[in-house]
Amino acid sequence: TLGKGLATFRKVLYRTLVNSFMPIRTCKLCQETRELQRSHLVPSAMFRYASDARSPRPNTVVVSRRGRSAVVRHVTAHLLCSDCEQRFNNLGETWMMQQVWNGERFPLLDRLNVAMEIRPFAGAVAYSGADCGIDTEKLGYFALSVLWRAAVRTWTTSKYSTERIELKAFEEPIRLYLLGDGQFPANVAVVATVCTDRYSRVFYLPAPASFPIPIPLQAFAFLALGVQFLIFTGPFAPTVACCVQSPQRLIFKRDCRQKTLEMFAELIKQ
């Protein structure tokens, strides 16, 4: 009991010291000079949900070419001001963290399991997000906010650095959309798939997606505790399958086990 108490005290002390140092710099989103918060690349709740709650020191695991290793610290950096942090929370993160697999329940999958499907679609089943009462605008906003964060800087932990995403000409339109100064970016599609398998109830950070055959556009993928996102950029982006732009606000359901294992293999190789 004493050991757990000391561990909790050290954790609280560390957070207090980190949060007390908020540099005054340019916020990446609003581009105003303000006090910057300690921003997360992905919501802190994802680390909490992915941790082993039975462990005396819950942790997540980093998988790389060097093998597996436990990591306690979240992926954070001084990136956004408090207003922009709150904007991300209100428009995507809070809602999204109420939908994913949380270690006990998977509300978004539960909703689709009792919904009326539209049709089979490329090995998956398509649903109308609008008819299911799913706020697909927040689904798409969350996906682009994570992708954009992965593009505007390299994120580091005590041992690892992320690979910076190259959005090129799409970085600024996405920023303006996230800030509320622009419409959903043209030639961008967010394809959201709810995974029925248990292997996909983990998360990995955004990375370039590869396909068996060459396609004339960029694609990026990340997994958020049972929800797989494919984000396409380019003139051939499949907006008919986008959760925001398609007329029926499509959302898909499928067994993603093979895709998840392939993506982890690709990440390790890179």
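One structure accompanies this document, and this report is about it.

Conventions used here
Residues numbered from 1 in each chain as written. Predicted model: local features only at pLDDT ≥ 70, side-chain atom pairs only at ≥ 80, totals over all residues. Heavy atoms only, no water. Pairing = 2+ DSSP bridges. Helix = DSSP H or I, 4+ residues; strand = E, 2+ residues; numbered from the N terminus. Axes fitted to C-alpha atoms, helices over the stretch in contact; angles between N-to-C directions. Contact = heavy atoms within 4.5 Å. Expected span 1.5 Å × (residues − 1). Bend = angle between axes of the 7 residues up to and from the residue. Buried < 20%, exposed > 50% of the residue type's maximum accessible area, 1.4 Å probe, protein only. Salt bridge = Lys/Arg side-chain N within 4 Å of Asp/Glu carboxyl O. Phe/Tyr/Trp six-rings, centres within 6.5 Å; stacked < 30°, edge-to-face > 60°.

Here we look at the sheet that holds strand E11 (residues 227-233)
Part 1: Pairing is mixed across the open sheet formed by seven strands, whose spatial order is E6-E7-E12-E8-E11-E10-E9. Every other strand in the sheet has two partners, leaving strand E6 (119-121) and strand E9 (203-208) as the edge strands with one partner each. Recorded for the sheet is a direction-independent mean angle of 25° between the axes of neighbouring strands.
Part 2: Sheet strands in contact with helix H6 (residues 136-152) are strand E8 (188-195), E9, strand E10 (218-224), E11 and strand E12 (250-254), and its direction is about 70° off that of E11.

Things to note about helix H3 (residues 82-97)
One turn of the α-helix equals 3.6 residues, which is why residues spaced by three or four share an orientation.
Part 1: Its 16 residues place the ends of H3 only 19 Å apart at the C-alpha level, less than the 22 Å of an ideal helix rising 1.5 Å per residue.
Part 2: Where H3 bends most, the angle comes to about 50°, and this point is Asn-90.
Part 3: When H3 is considered as a whole, its buried residues turn out to be Cys-84, Glu-85, Phe-88, Gly-92, Glu-93, Trp-95, Met-96 and Met-97.

A short note on the pattern of salt bridges
Side-chain pairs of opposite charge can arise whenever the charged atoms involved come near each other.
Part 1: Applying the stated criterion across every chain, the model contains four salt bridges.
Part 2: Between Arg-34 and Asp-83 there is a salt bridge; the shortest N-O distance is 3.2 Å. Taken together, the residues span a long stretch of sequence, with Arg-34 in strand E2 (residues 33-40) and Asp-83 in helix H3 at a distance of 49 residues.
Part 3: Residue Arg-34 is classed as partly exposed on the basis of its relative accessible area, which comes to 33%.
Part 4: The partner of Arg-257 in a salt bridge is Asp-255, and the shortest N-O contact between them spans 3.9 Å.

Regarding the environment of Phe-203
Part 1: By the secondary structure assignment, Phe-203 is in strand E9.
Part 2: Phe-203 sits in the buried class, given a relative accessible area of 16%.
Part 3: The sequence separation of Phe-203 and Gly-226 amounts to 23 residues, and the corresponding C-alpha distance is 7.7 Å.
Part 4: When neighbours within four sequence positions are excluded, Phe-203 is seen to be in contact with Val-42, Met-46, Phe-47, Ala-50, Leu-223, Ala-224, Leu-225 and Phe-264.

Focus: the side chain of Thr-233
Part 1: Along the chain, Thr-233 turns up in strand E11.
Part 2: Residue Thr-233 is classed as buried on the basis of its relative accessible area, which comes to 2%.
Part 3: Ignoring any residue separated from it by four or fewer positions in sequence, one finds Thr-233 in contact with Phe-170, Asn-187, Val-188, Leu-217, Gln-218 and Phe-220.

Regarding the packing of aromatic side chains
Part 1: This model, assessed by the stated rule, comprises eight aromatic pairs.
Part 2: Seen in terms of ring centroids, Tyr-141 and Tyr-177 are 5.7 Å apart; in terms of plane orientation they differ by 55°. Their pairing is tilted. Of the two residues, Tyr-141 is situated in helix H6 and Tyr-177 in helix H7 (residues 171-179); the sequence distance between them amounts to 36 residues. Grouping residues by exposure puts Tyr-141 and Tyr-177 together as buried.
Part 3: Site record: aromatic cluster; members linked through ring pairs are Phe-88, Tyr-141, Trp-148, Tyr-177 and Phe-184.

Structural notes on the pairing of E12
Successive side chains on a regular strand alternate, one facing one side of the sheet and the next facing the other.
Part 1: For E12, the tally of buried residues reaches four of five residues, placing the bulk of the element in the interior.
Part 2: The pairing of strand E7 (residues 124-128) with E12 spans four bridges and is classified as antiparallel. Across the sheet, the residue bridging to Tyr-127 is Ile-251, located in E12.
Part 3: As paired elements, E8 and E12 share three bridges and run parallel to each other. Bridge pairing in E12 places Val-194 opposite Lys-253.

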